[in-house]
Amino acid sequence: MKFEVVTPIDGFEREKEFELSKLDDFFFMIKGVETGETIRLMSFGALKSLEFELPEDFIAKLEIENISDISIFYIFVLQAQTSDSSMNIFAPLIMNNKSMKMGQIHLDLHELGLDSLNDILPKF
């Protein structure tokens, strides 16, 4: 599926379209139509411990009418050494599967009511 970028993706500000590919149940990849650059993604379903609201201007840009029309992904950086891999949970990509528009949103730790990242980690 091809998505039009309506709010820029960090590091890929010039890319206007991305093609989404599913790798497995949790991992996806997007590839820039113009540049061919790829970004690995993890689906929101793999980590549901974070709740946030989308700003009205973001909803308008993506033409979101219903929450069931969107998919949420976290950018996942896979390194050769697995322990060096990382995921950016505070700048997810939102894709509207109905309008085929996408964008990145930046979340604020304090606006989410969190004092630190430890607040979203499971307790053992």
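All values derive from a computational prediction rather than experimental measurement.

Focus on the confidence of the model for the protein chain
Here the protein chain shows a mean pLDDT of 82. Residues at 70 or above account for 74%. Segment residues 116–124 is flagged for pLDDT under 50; beyond a separation of four residues in sequence, or across chains, it makes ten contacts in the model.

A few points about the pairing of strand S2 (residues 17–22)
The pairing of strand S1 (residues 2–7) with S2 spans three bridges and is classified as antiparallel. Note on S2: the bridge partner recorded for phenylalanine 3 is phenylalanine 18. Alignment of S2 against strand S3 (residues 27–32), held across five bridges, turns out to be antiparallel. Within S3, the position partnered with lysine 22 by the bridge is phenylalanine 28. In textbook terms, the turn of a hairpin is the stretch between consecutive antiparallel strands, and for S2 and S3 this stretch comprises four residues.

Reading guide: rules and limits
- Residues numbered from 1 in each chain as written.
- Predicted model: local features only at pLDDT ≥ 70, side-chain atom pairs only at ≥ 80, totals over all residues.
- Heavy atoms only, no water.
- pLDDT = per-residue confidence, 0-100.
- Contact = heavy atoms within 4.5 Å.
- Pairing = 2+ DSSP bridges.
- Helix = DSSP H or I, 4+ residues; strand = E, 2+ residues; numbered from the N terminus.

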